[in-house]
Number of protein chains: 2
Amino acid sequence: MRSTPTVAQLRAFVAVAEFQHFRDAAASLGVSQPTLSQSLLTMETNLGVQLIERNPRKVLVTADGQFLLPLARAAVDAVDAFRAAALPDSWLSGPLHLGVIPTIAPYLLPSLLPAVHLEAPDLQLHVHEDQTDRLLAGLADGRLDVAIMALPVSDARVSTEPLYDEDFVLAVPAEHGWAGATGILPSQLRDEELLFLEEGHCLREQAVEVCLSSGVANAGETNARAASLSTIVQLVSAGLGMTFLPDSAVKVETRGAQLGVARFADPAPGRRIVLVHRRTSTRSEEFEDFAEILRRSVAVGMPSVRRA
Amino acid sequence: MRSTPTVAQLRAFVAVAEFQHFRDAAASLGVSQPTLSQSLLTMETNLGVQLIERNPRKVLVTADGQFLLPLARAAVDAVDAFRAAALPDSWLSGPLHLGVIPTIAPYLLPSLLPAVHLEAPDLQLHVHEDQTDRLLAGLADGRLDVAIMALPVSDARVSTEPLYDEDFVLAVPAEHGWAGATGILPSQLRDEELLFLEEGHCLREQAVEVCLSSGVANAGETNARAASLSTIVQLVSAGLGMTFLPDSAVKVETRGAQLGVARFADPAPGRRIVLVHRRTSTRSEEFEDFAEILRRSVAVGMPSVRRA
DNA sequence: ACCCATGATAGGGAAACACTATCGAATGCT
DNA sequence: AGCATTCGATAGTGTTTCCCTATCATGGGT
């Protein structure tokens with residue numbers, strides 16, 4: 001009892017005060033909401049001071065909390081400064097060539113780039129957008145250091161670090177009966193016109209797989225050959241059919257488009273996104289830190305996905 | 001791996017750098033030496049930097065360590081500042097009346113007072129030196145807040161918080177054959193002239209008890225009526241007999257005296273020193289903090305005792 | 001009146017912690 | 001030389017803490 005606060009507890013306080021929201025704050029720290037609640041509560045109990053006032057609809061910092069917040073921030077910053085100074089100078093610095101598959105890049109990068117700039121300012125990030133097999137080739141011959149792609153990755157030369165999981169949803173024409181629907185079963189796709197990305201996109205393979213394993217025949221035999229999700233979404237809103245979208249793309253792609261969204265019944269089909277690097281890389285530990293930065297930026301920037 | 005350092009690890013680094021000695025540093029933090037070693041080693045491993053150079057006979061701070069030490073100190077201080085500011089203002093502040101029995105006070109206070117001044121600067125300590133029963137009376141009627149004494153304490157109105165354990169040793173004339181001896185058995189006291197403190201000192205009761213339970217008859221029936229250990233030590237060095245000393249008194253009392261010391265065989269007789277306060281006190285938690293300050297100051301100031 | 005969002009709570013499995021006991025190396029004493 | 005001592009590292013173990021998933025309670029919005 002009355003023990004000194006831990007760094008995690010101080011971070012919890014600072015984050016909650018910043019976000020005024022437990023769930024977001026927890027995501028930004030890479031922990032679950034109950035863990036954050038308990039960290040904060042433990043510290044408040046130990047110190048005998050209430051720092052945060054929890055109204056069921058609103059979170060706000062008490063007067064004591066306002067007074068203590070700069071001190072907590074200073075403590076956290078001091079610890080971080082120590083860590084930053086102690087890590088070798090080459091840690092997360094210099095050029096890093098990052099590959100990203102096309103069905104992730106446009107939606108992930110807007111939250112990813114600022115986070116990397118903030119947490120690893122010495123990292124010069126070079127982003128290469130390409131399909132899975134070409135990214136793996138790039139890793140193999142050294143043009144890339146790391147890559148973000150979807151499982152499955154069948155290449156024994158690389159190892160993977162989980163980042164997040166996301167569901168697939170269906171993008172349908174706005175006037176389609178399924179717009180806004182939930183609980184759709186894959187087998188119901190049998191009678192629908194389906195559009196797919198062109199060959200080579202892993203998302204296409206996965207969507208086709210979902211269809212085939214649900215008894216939907218002829219999947220993927222359409223003539224549409226869209227090269228990007230943006231293009232295919234245009235086709236959908238023109239009423240030519242429906243398509244699979246990863247959840248993380250919904251927000252951007254439905255913006256200003258005549259588009260409806262239908263959700264699958266649990267367990268919804270989906271995909272796991274991972275960070276990949278050469279198994280033999282000497283920087284594996286560094287890449288674990290990088291993955292953690294990604295996970296945290298994803299947790300706040302794309303709240304519809306599940307942190308791995 | 002590569003996790004951020006904990007406060008305990010930072011404290012470990014600072015303490016080792018300060019003391020240049022693992023054991024002392026561990027004592028100052030109130031942990032065991034292996035615990036300290038591991039804390040430091042874990043942090044060094046996580047950060048990938050060696051902070052401390054361990055030569056088997058000497059401990060010194062590496063160049064990296066020298067550079068990082070101020071940062072670590074700043075981090076620890078920031079956390080402590082937060083804690084100090086967060087605890088209620090009345091915490092460990094204001095007047096505190098502390099009773100201490102006479103066979104402890106002269107040896108404990110020199111290390112105790114600076115430590116309290118350092119760790120609880122707002123505490124105005126009033127020390128009352130007196131015998132056990134009068135201290136208990138003082139606690140009961142409110143003249144005292146806490147007291148330091150030896151077990152057993154047979155008073156249901158108070159509760160006790162362990163501080164440390166210490167052995168008894170025998171102070172003998174310098175020319176006595178037992179000077180410097182170890183492995184003495186209490187039963188060997190049968191043929192020796194024993195001196196005791198006057199009635200009312202708990203140390204007297206305990207010494208007599210040791211003798212009686214070892215079959216040494218007539219113990220305590222001598223005519224000497226010494227009122228303090230300093231006095232009795234004078235009698236011993238004059239060759240009038242031998243006496244029991246608590247281990248913590250040996251260093252001071254043998255200074256400049258014609259005195260030899262003999263140690264008992266394991267398990268040596270001894271006593272447990274505790275902090276006592278009214279069971280009904282509203283400040284019990286505060287006193288636990290106070291006890292912890294005492295334990296730490298004892299661990300560095302009186303290394304011959306065993307922290308409880 | 002229903003539903004959704006939010007934070008608190010319960011319970012369990014895993015990881016970290018801190019202790020005791022012991023070791024190996026190096027020094028200093030006789 | 002030889003022996004005892006001192007110091008930090010290591011082994012092994014039991015406990016605590018941590019953090020997750022699942023669920024609950026409560027209040028506002030529709």
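Residues numbered from 1 in each chain as written. Chains lettered and ligands numbered in written order. Predicted model: local features only at pLDDT ≥ 70, side-chain atom pairs only at ≥ 80, totals over all residues.

Colleague: Which residues make up the protein's contact with DNA strand C, and what are the values?
Modeller: The local shell around DNA strand C holds 20 residues, among which Phe22, Pro34 and Ser37 of chain A together with Ser32 and Thr35 of chain B are the closest. Elements with a minimum of two residues in the surface near DNA strand C: helix H2 (22–29) and helix H3 (33–47) of chain A together with helix H3 (33–47) of chain B. (Near = placed C-beta within 6 Å. Helix = DSSP H or I, 4+ residues; strand = E, 2+ residues; numbered from the N terminus.)

Colleague: So what about the nonpolar core? Which residues, and what values?
Modeller: By size, the foremost hydrophobic cluster in this structure holds 171 residues, and its most contacted members are Phe13, Ala75 and Ala147 of chain A together with Phe13, Ala75 and Ala147 of chain B. Ranked by residues supplied to this core, first place goes to helix H1 (residues 7–19) of chain A with 9 residues. Setting aside residues no more than four positions away along its own chain, alanine 75 of chain B makes contact with Ala75, Ala78, Val79 and Phe82 of chain A together with Leu10 of chain B. (Core = buried A, V, L, I, M, F, W, Y, C linked by C-beta atoms within 7 Å. Buried ≥ 20, exposed ≤ 12 C-beta atoms within 10 Å, placed from the backbone. Contact = placed C-beta atoms within 7 Å.)

Colleague: Just give me the short version of the protein's contact with DNA strand D, but keep the residues and values in it.
Modeller: Around DNA strand D, 18 residues are found, and the nearest of them are Ser32 and Thr35 of chain A together with Phe22, Pro34 and Ser37 of chain B. Looking at the surface near DNA strand D, the elements with two or more residues in it are H3 of chain A together with helix H2 (22–29) and H3 of chain B. Taken together, the residues of the surface near DNA strand D sort by class into 8 nonpolar, 7 polar and 3 charged. (Nonpolar A, V, L, I, M, F, W, Y, C, P; charged D, E, K, R; others polar.)

Colleague: Go over the relation of the copies chain A and chain B, please, and point to the residues and values.
Modeller: If you rotate chain A by 180° and push it 0.0 Å along the axis, it lands on chain B with an RMSD of 0.2 Å. Considering both components of the superposition, the chain copies are consistent with a two-fold axis. In terms of proximity to the rotation axis, the leading residue of chain A is alanine 75 of chain A, whose C-alpha is 2.9 Å off the axis. Here 100% of the interface residues in chain A have copies in chain B that are interface residues too; the copies meet face to matching face. (Least-squares fit on C-alpha atoms with pLDDT ≥ 70 in both.)

Colleague: Go over the interface of chain A and chain B with me, naming the residues and quoting the values.
Modeller: Taken together, the contact between chain A and chain B spans 27 residues of the former and 27 residues of the latter. Elements represented by at least two residues in the side of chain A that touches chain B include exactly H1, helix H4 (63–86) and helix H10 (284–301) of chain A. Per element, the largest residue contribution to the side of chain A that touches chain B is 12 residues, and it comes from H4 of chain A. Of the residues that constitute the side of chain A that touches chain B, the class distribution is 19 nonpolar, 3 polar and 5 charged.

Colleague: Before we move on, could you go through the packing of helix H5 (residues 105–119) of chain B against helix H10 (residues 284–301) of chain B and cite the residues and values that matter?
Modeller: The description of two helices packed together rests on the angle between their axes and the distance between the axes. Residues and elements named next belong to chain B. Where H5 contacts H10, the two axes come as close as 9 Å, and the packing angle between them is 130°. As far as their axial angle goes, H10 and H5 are oblique. Crossing hand, H5 versus H10: right-handed. Contacts between H5 and H10 involve Pro110, Ser111, Leu112, Ala115, Val116 and Glu119 on the former and, on the latter, Ile293, Leu294, Arg296, Ser297, Val298, Val300 and Gly301. Among the residues forming the contact of H5 with H10, the class breakdown is 8 nonpolar, 3 polar and 2 charged. (Axes fitted to C-alpha atoms, helices over the stretch in contact; angles between N-to-C directions. Parallel < 35°, antiparallel > 145°, perpendicular 65-115°, else oblique. Left-handed = near helix turned anticlockwise from the far one by under 90°.)

Colleague: Account for the pairing of strand S8 (residues 242–246) of chain B, with residues named and values stated.
Modeller: Residue and element names in this part refer to chain B. The buried fraction of S8 amounts to 5 of the 5 residues, a majority that puts the element mostly inside the structure. The alternating pattern of S8 places Met242, Phe244 and Pro246 and Thr243 and Leu245 on opposite faces, both of which are buried. Where strand S7 (residues 194–195) and S8 come together, 2 bridges link them in parallel fashion. Across the sheet, leucine 195 pairs through a bridge with threonine 243, a residue of S8. (Pairing = 2+ DSSP bridges.)

Colleague: Kindly report on the packing of H2 of chain A against H10 of chain A, identifying the contributing residues and their values.
Modeller: Residue and element names in this part refer to chain A. Running from N to C, H2 and H10 cross one another at 160°; their axes reach a closest spacing of 7 Å. As summarised for this structure, H2 and H10 are arranged roughly antiparallel, according to the angle between their axes. Our pair here, H2 against H10, has a crossing hand that is left-handed. Residues Asp24, Ala27 and Ser28 of H2 pack against Arg296, Ala299 and Val300 of H10. For the contact of H2 with H10, a count of residues per class yields 3 nonpolar, 1 polar and 2 charged.

Colleague: Give me the lowdown on the domain arrangement of chain A, citing residues and values where you can.
Modeller: Put simply, an interface is often sized by how much accessible area is lost when its parts join up. All names here are of chain A. What the domain assignment reports for chain A is domain 1 (7–86) and domain 2 (92–308). Across the boundary between the two partners, domain 1 contributes 4 residues, which contact 5 residues of domain 2. Of the residues in the side of domain 1 that touches domain 2, the class split is 1 nonpolar, 2 polar and 1 charged. (Domains from an automatic or database assignment.)

Colleague: Describe the confidence of the model for chain A, and please don't skip the residues or the numbers.
Modeller: Taken as a whole, chain A shows an average pLDDT of 85; of its residues, 96% reach a score of 70 or greater. Mean pLDDT across the elements of chain A ranges from a minimum in strand S11 (residues 306–307) of chain A, with 78, to a maximum in strand S5 (residues 146–150) of chain A, with 94. (pLDDT = per-residue confidence, 0-100.)

Colleague: Let's hear about unusual backbone geometry: which residues, and what values?
Modeller: Residue and element names in this part refer to chain A. A cis amide bond links leucine 151 to the next residue, proline 152, at an omega of 5°. Unusually for a residue other than glycine, glutamine 20 sits at a positive phi of about 50°. Considering the arrangement of structural elements, one finds glutamine 20 in the loop between H1 and H2.

Colleague: Can you lay out H2 of chain A for me, pointing to particular residues and giving the numbers?
Modeller: Since one α-helical turn is 3.6 residues long, residues separated by three or four positions face the same way. Among the residues of H2 of chain A, those classed as buried are Ala25, Ala26, Ala27 and Ser28 of chain A. Among the residues trailing H2 of chain A, glycine 30 of chain A stands out with phi positive, at a value near 75°.

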